[in-house]
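# Residue-level structure breakdown
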Amino acid sequence: MSKKQKLKKTLVEQILDKAKIDHEGLSINALENEALPDNIVRSDIYKTLALIGDKTGTIIGMLPLTEHLSEKKLARISGNKKVTMIPQKDLQKTTGYIHGANNPVGIWQNKKFPIYIDTIALEHEFIICSAGELGRSIRIKPQVLADFVHATFSDLKEEK
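A brief look at the structure comes next. All figures in this text were calculated on a predicted structure; none of them were measured in a lab. Here, residues in each chain are numbered from 1, in the same order as that chain's written sequence. With the structure being a predicted model, the display of local features is reserved for residues of pLDDT at least 70 and the display and counting of side-chain atom pairs for 80 or more, all residues being used for whole-chain, interface and lining totals. To obtain the side-chain values, all non-hydrogen atoms of the structure were included, while hydrogens and water were left out.

Attention now moves to the overall build of the chain. Numbering of helices and strands runs from the N terminus, with a helix taken as a DSSP run of H or I at least four residues long and a strand as a DSSP run of E at least two residues long. Secondary structure summary: the chain contains five helices and eight strands in total. The size measure is the radius of gyration over C-alpha atoms, and the globule rule it meets is 2.2 Å times the number of residues to the 0.38 power. Relative to the 2.2 N^0.38 estimate, which gives 15 Å for 160 residues, the radius of gyration of the chain is 15 Å and therefore close to what a compact globule would have. On the principal axes, the C-alpha backbone points of the chain span a range of 50 × 30 × 30 Å. Whether a residue is buried, partly exposed or exposed follows from its accessible area with a 1.4 Å probe, protein chains only, as a fraction of its type maximum: under 20%, in between, or over 50%, in that order. Looking at the chain as a whole, 50% of its 160 residues qualify as buried. Counted over contacts in the chain with a minimum sequence separation of 6, partners at least 24 positions apart contribute 61%. When the accessible surface of the chain is summed, it comes to about 8,900 Å², and 51% of that surface belongs to carbon and sulfur atoms. The chain carries 24 positive and 20 negative side-chain charges, and their two centres are separated by 6 Å. The contact definition used throughout considers only heavy atoms, calling two residues in contact when any of these lie within 4.5 Å. Values of accessible area rely on a 1.4 Å probe in the Shrake-Rupley scheme; residue burial ignores everything except the protein chains shown. When charges are tallied, Lys and Arg are placed among the positive residues and Asp and Glu among the negative ones, while His and the ends of the chain are skipped. We put the charge of a Lys on NZ, of an Arg on CZ, of an Asp on CG and of a Glu on CD.

The next thing to look at is the nonpolar core. Considering soluble globular proteins, one finds that nonpolar side chains tend to be buried as a cluster. Note on terminology: a nonpolar core comprises buried Ala, Val, Leu, Ile, Met, Phe, Trp, Tyr and Cys residues joined through side-chain atoms within 4.5 Å. Membership of the largest hydrophobic core comes to 31 residues, with the highest contact counts inside it found for Leu16, Met62, Val105, Ile115, Ile117, Leu145 and Val149. Counting residues per element, the ones that place at least two in this core are helix H1 (11-18), strand S2 (46-53), strand S3 (57-64), helix H4 (104-111), strand S5 (115-118), strand S6 (127-130), strand S7 (137-140) and helix H5 (142-149). If one sorts the elements of this core by residue count, H5 sits on top with four residues. Residues in contact with Met62, not counting those within four places in the same chain, are Tyr46, Lys47, Thr48, Pro104, Ile115, Tyr116, Ile117, Asp118, Ile127, Cys129, Leu145 and Leu156.

The working definition used for a salt bridge is a side-chain nitrogen of Lys or Arg within 4 Å of a carboxyl oxygen of Asp or Glu. The final tally for this structure, using the stated rule, is nine salt bridges. For Lys9, the salt bridge identified is with Asp17, shortest N-O distance 3.0 Å. The exposure class assigned to Lys9 is partly exposed, which follows from its relative accessible area of 36%. Salt-bridge contacts for Asp155 lead to Lys157; the nearest nitrogen and oxygen are separated by 3.6 Å. On the accessibility criterion, Asp155 (33% relative accessible area) is partly exposed. On the accessibility criterion, Lys157 (18% relative accessible area) is buried.

This next bit is on the sheet that holds strand S1 (residues 24-26). Taken together, the three strands give an open sheet; going across it, the order is S1-S7-S6, and neighbouring strands pair in antiparallel fashion. For this open sheet the edge positions go to S1 and S6, each flanked by a neighbour on one side alone. With strand direction ignored, the average angle separating the axes of adjacent strands in the sheet is 30 degrees. Pairing of S1 with S7 involves three bridges; the strand directions are antiparallel. Between any two strands, pairing holds if DSSP finds at least two bridges. Only C-alpha atoms enter the line fits that serve as axes; for helices the fit covers just the stretch in contact. Angles between N-to-C directions range over 0 to 180 degrees.

Okay, helix H2 (residues 71-78) next. Residues of H2 that are buried: Lys73, Leu74, Ala75 and Ser78. If you follow the buried residues of H2, they end up packed against S2, S3, strand S4 (83-85) and S5. With its phi angle positive at about 80 degrees, Gly79 sits one or two positions after the end of H2.

Structure, rendered in structure tokens:
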């Protein structure tokens, strides 16, 4: 398939279109170390992590691929004593998505889990996150995404 051909929109893109949310669909697989387009760096791409809190149940954390999540910080801001990553084998039945396809839009639409986005996102004009399928992403303004999925901005990064 040539790059010029129009890709079929993912369900996430269709949800955003229907809600008239400004975004751009991209064909990027962040799990593969493929070359990125010139205008994108790895820190623009956000991973969507699913965790279980000891008090709240499932919560979602989003931060750049280049950063590590501080489970202690996420636990504190989410009202938990402790949070742990959901085992990969349980991911799809919990969020509805396989590893690499978790995304805040689909998770919010279907599960209403609380979502936390690292504050570093606010320093950027746009962030890139999964569009719900491997190899597909969306570019979206962080505040627009947060408003749509009712996300909270917090410092989630492990200190270096």
